[in-house]
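These are the residues of each chain, in order.
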Amino acid sequence: MKLIFSIFLTILLLNAAAQVPEKYALIVAISNYAPSTGWNELNSENDIPLIKESLKRQGFKETHIRIIRDKEATKQGILLAMQQQLITKAKPGDICVFHFSGHGQQVMDNNGDEADGYDEALVTYDSPMEYEGGVEKHLRDDEFGFKLEEIRKHLGSNGNLLVLIDACHSGTSTRSGLGTYRGTTTKYAPKGYKPVANTKIVNEGLFSLGETKPGLAPMSAFFASAASELNQECGEEHCGSLSLAFSKALAKADTKTSYRGLFDNIRLEMSKIVPGQTPNAEGELDKEIFGGAALGKPNYYTAEKIISKKKITIGCGKIYSVFAGTTLLVYPSNTYNKETAKPLAKAIITTAGDYSSEAELDTELSEDVLKTAWVFLDQVSFGDLTVPVTVKIKDATLAQQVNQILTTNKQVKLANAQGDVFIEQGADGFSADSFYISTSGDYRLGAYSIKTGNEAIATFINAKVAAYGRAAYLRNLNMKNEELNVTFEFIPVDYKKAEGNNNAIIKDLPKKTITDASGNIVFQHDDRYNLRIINNGQERLYYNILEIQPDNLVNVLFPANNQQPMDCFINPGDTVRLTRIFRIGPPNGMNVIKLVAARSPLNLRQVFVSNGLSRGDVPKPNNPFEKLMQGINKADAVQTRGSDEETIQPDAVNIYSVPYKIVPKKQ
């Protein structure tokens, strides 16, 4: 009888193991195109470790992640790799990911199925930029879609497929020299080609992928930019914007996160790093990511590597919004209640990488203890105010003067090629008598005459760099506390002046009037909205609301000029519609609104209007978050935040952020 039971149990265990889906991925990255094609070099190689590590942390085995680069990534090479990795190796019910980093291009439609007369296409290694008759080396959306459908059919309805395209296919041309872009305004078509618009096709997606069909695996697809936008590489990493945003968003996901929730976080991350871009999504977005097999962010960390008795590495870093200066607490394993336990040691992160950080302990611990210890975040540093600046000045004397100013500014990191801020003079189309300060996304921050004195020029440059650094820091600030969970939503309104008096006629509009097919919120010039806020917590909470423009100007919306901090409160379970109406105007691009909630009144308006006051005049902060904001808002532009202001408890406030795009009024 025992033998029969043992055999039966073994069969059950084998069946259970067989039902656990495997995870497979194919990463295609093209940095160096064939010289004859005319395409510029990219930094797609830098996307590989981001995507690979983020997938490994979601349970993808390294042996199940295949990478093809450059010469391997011809049209035939990509299709063959998709066949081998995502069909031959993968089984029905498995989870698959396809990622592409490279150029994209619009090519003339060859079967009349496109609304605008152009197919979207991935630019493979040997695809020419300029049209060559009889040459077909691009991977068109139609052929790409057929291969993806073949994968979905193989995986079956219990499988799952995610597609990431860190490229673009068209876009408005930007000035050269302000960073590296993926994509082109050049269309692959013969001279004189006149596209025939197919008016029967409406609301067409970028690739029209992920249509729900019986028996096929659900699929979701994310794209780095809209069809009308170029895709900018970003950051000190010089990587793809979608690759970086996806990695950060996936690090926050858990088993209940849907692809729509994942895309919401991707959209938020991209609004921080490339405010001129609008990511797009297609497919079955309301499904749980990886079929519900995602791995959540850990509540604690363990030592990945023991360097010495006082130095370890942990699996947490900049992808998780944790930077050097963050303090840690080290407890024995199985410490579920930190309030009643005493830490074995305190530690500080000395070097933060993307996924791993080095920490130094204040107390020596044995290797055996360190192997099993649980490490918790204590006071979190969200980075510093350093701004990479690139100088492009033709006048040699002015260039030397500006470089000397920047060298003495501790907030500046000089970047030879791709900074976040550019200082230019002598470029075509600009007055030679002035220099211009712009962001890498070509947002003008200011212009100044070169005929003024050195001190005035230094003051102007330092002020612009400081303001940019503050706004960039705020964009990246992400703090969560479910007990302080206050959210908001936009209410678009139609606003008209009544005839014969000063009253206004206000009418609510449907939410769909401000959302595109991917769920992005898009406002046009002269649109109006107000806000509805919701307290999902169990206590009265106080809030402030900030707006960060794409040119990095920070506006404090609430408290308003006529409000006191204690006026901005909301009771538990309440929903309150704020009466103030906002009118949309330039600059165009991606704005971010942040609602900061706390248990005590906040006054960020007081913090920001105090900029420029002497230290003795600056009001004393009411809570740690105000102290943090005062630290980043110092008038001394050459100083980043002091060591006493670099960290804050990660649950001191809750920040709820929503990005939205501003575009010109449609005629």
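In this text the structure is predicted, and so the values were computed from the model without any measurement. (Residues numbered from 1 in each chain as written. Predicted model: local features only at pLDDT ≥ 70, side-chain atom pairs only at ≥ 80, totals over all residues. Heavy atoms only, no water.)

This part is about the packing of aromatic side chains. Counted according to the given criterion, the structure contains 27 aromatic pairs. Aromatic side chains Phe488 and Phe490 sit 5.8 Å apart centroid to centroid with 80° between the ring planes, which places their arrangement in the edge-to-face category. Exposure class is identical for Phe488 and Phe490. Each is buried. Directly above the ring of Tyr118 sits Lys187, whose terminal nitrogen or CZ lies 5.5 Å from the centroid. The ring of Phe558 carries Arg580 above its face, with NZ or CZ at 5.7 Å from the centroid. (Phe/Tyr/Trp six-rings, centres within 6.5 Å; stacked < 30°, edge-to-face > 60°. Buried < 20%, exposed > 50% of the residue type's maximum accessible area, 1.4 Å probe, protein only. Lys NZ or Arg CZ within 6 Å of the ring centre and 35° of its normal.)

Attention now goes to the confidence of the model for the protein. Low pLDDT marks stretches whose predicted atomic positions should not be read closely. Residue-level pLDDT values for the protein average 84, and 87% of them are 70 or greater. Per-element confidence in the protein is highest for strand β1 (residues 23-29), whose mean pLDDT is 98, and lowest for helix α1 (residues 2-19), whose mean pLDDT is 50. In this model residues 611-616 is a low-confidence stretch, pLDDT under 50, and it forms seven contacts with partners more than four residues away in sequence or in other chains. Across residues 635-645, confidence stays below pLDDT 50; counting only partners more than four residues off in sequence or on other chains, it has 29 contacts. (pLDDT = per-residue confidence, 0-100. Helix = DSSP H or I, 4+ residues; strand = E, 2+ residues; numbered from the N terminus. Contact = heavy atoms within 4.5 Å.)

Here we take up unusual backbone geometry. Cis rather than trans, the peptide bond between Phe558 and Pro559 has omega equal to 5°. For Pro559, the location among the structural elements is in the loop between β30 (554-558) and β31 (569-570). Here the amide bond leading from Pro586 into Pro587 is cis, since omega sits at 5°, within 30 degrees of zero. By the secondary structure assignment, Pro587 is in the loop between β33 (582-583) and β34 (589-598). Its identity as a non-glycine residue notwithstanding, Asp70 has a phi of 40°, on the positive side. When you line up the elements, Asp70 lands in the loop between β2 (65-69) and α3 (75-88). For Asp70, a relative accessible area of 18% gives the class buried. Located in the positive-phi region is Phe290, a residue other than glycine, with phi close to 55°. When you line up the elements, Phe290 lands in the loop between β12 (280-283) and β13 (303-308).

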